[in-house]
Amino acid sequence: MTTALLVRLSAMGDVVQGLGAAAALRAARPDWRIVWATQTGFAPLLHGHPAIDRVVAFDRRGGVRALLAVRAELRAERCDVALDLQGNWKSALVALLSGARDVVGMAAPWRQEPRSRWLLRRTVACAATPHPARAAWELAKAIVPDAPYRQPQLRATADELARERAALAALGVAAARPFDVVVVTDPADARALRPEVVAALAAAAVASKRPLVQVLGPAESALAPPAPGPVLRHAAGEVRRLVALGALVAAAGGEVVGPDQGAAHVLAAAGARCRLLFGAQDPRRTAPPAAVALVHPNPPACAPCRRTVCSHPAGPVCMAFAPAAGACVGVGLPAP
């Protein structure tokens, strides 16, 4: 039996984007064993995924000891091929340490750290705009040419759905009826939705009497919600809550509005209809394939800049637009 290793250590949204590679390999080679290496904090996202047989967690702060530990776990799997989905030194090193005979990654223009390609056995070139979901598909096809394109998908368990349904009920939100979600992150990050945009969405929700739940993650534990209304906070280690929430939004016929950040990617992969706003980030390079990617109708000349800290004199004006006014941008991948 062939064992394939997929290495995508971070970040959360990119880990989700890479799931298409596992699904593509499972569809084309159902008899293969598929192992995934990722950072400890993201491992719960992948547990129970139908295309992944085992998840190996890597402690990125563990230094040499962590590398030796992950090396031992991966060597025990006797991997035949390793795919470096990430494209930096650490991911390439983990792929190499697996002992796989074939270690494959994207060519230099697609890599976060181009020289890390020296740790690979071979590379894959692609003329398209670099995108993590496309990279996952290109690498899957490099080892299985008939691997079909697959959307990144996450599934919640019945218990997870029940717990999140109860959490929403405690906020006065009935998950059986349509409700919407807005992903709130630190406005100091240039990718975040502007507080005035969130406030406008909340005001519209009150007028329409359709619940709007503001979702804040562990990085926003000290952040006050920008608008009144239901607030759902998830703590570190509770990433599975987002999977359940996305599934409930989808089942209720709701919608997610958010920025190009990890929580929004998880909600999209769980099936929620998403409209994501892009300013500093280029949606052609990072947008979830199943989401509607929106940009400012009259963006400043500096956008996209791919920065997390804005240098514009007036701040991140590229994100100061209502979703209804945004211009839609395609990502160049097959439609869901």
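Before reading further, recall that the structure is shown in the block above.
Anyway, here's the lowdown on the structure attached to this text. (Residues numbered from 1 in each chain as written. Predicted model: local features only at pLDDT ≥ 70, side-chain atom pairs only at ≥ 80, totals over all residues. Heavy atoms only, no water.)

Here we look at unusual backbone geometry
Part 1 of the reasoning: With an omega of -15°, the peptide bond between Ser10 and Ala11 qualifies as cis.
Part 2 of the reasoning: The topology assignment puts Ala11 in the loop between strand 1 (3-7) and helix 1 (12-17).
Part 3 of the reasoning: Residue Arg78 is not a glycine yet carries a positive backbone phi of 50°.
Part 4 of the reasoning: Assignment of secondary structure puts Arg78 in the loop between helix 4 (63-77) and strand 4 (81-84).
Part 5 of the reasoning: In this structure, Lys209 is a non-glycine residue whose phi angle is positive, near 60°.
Part 6 of the reasoning: When you line up the elements, Lys209 lands in the loop between helix 8 (195-208) and strand 8 (212-216).
Part 7 of the reasoning: What makes Lys209 exposed here is its relative accessible area of 77%. (Helix = DSSP H or I, 4+ residues; strand = E, 2+ residues; numbered from the N terminus. Buried < 20%, exposed > 50% of the residue type's maximum accessible area, 1.4 Å probe, protein only.)

Some details on the sheet that holds strand 10 (residues 255-259)
Part 1 of the reasoning: Here we have seven strands laid out as an open sheet, ordered 9-8-7-10-11-12-13, and mixed in their pairing. If you trace the sheet from one side to the other, it starts and ends with strand 9 (231-233) and strand 13 (327-329), each paired once. In this sheet, neighbouring strand axes are inclined to one another by 25° on average, regardless of whether the strands run parallel or antiparallel.
Part 2 of the reasoning: Sheet analysis places strand 7 (residues 180-183) next to strand 10, joined by two bridges and oriented parallel. Looking at strand 10, one finds that Val181 is bridged to Val256.
Part 3 of the reasoning: Against the sheet, helix 8 makes contact with strand 7, strand 8, strand 10 and strand 11 (273-278), and its axis sits at roughly 150° relative to strand 8, the strand it touches most. (Pairing = 2+ DSSP bridges. Axes fitted to C-alpha atoms, helices over the stretch in contact; angles between N-to-C directions. Contact = heavy atoms within 4.5 Å.)

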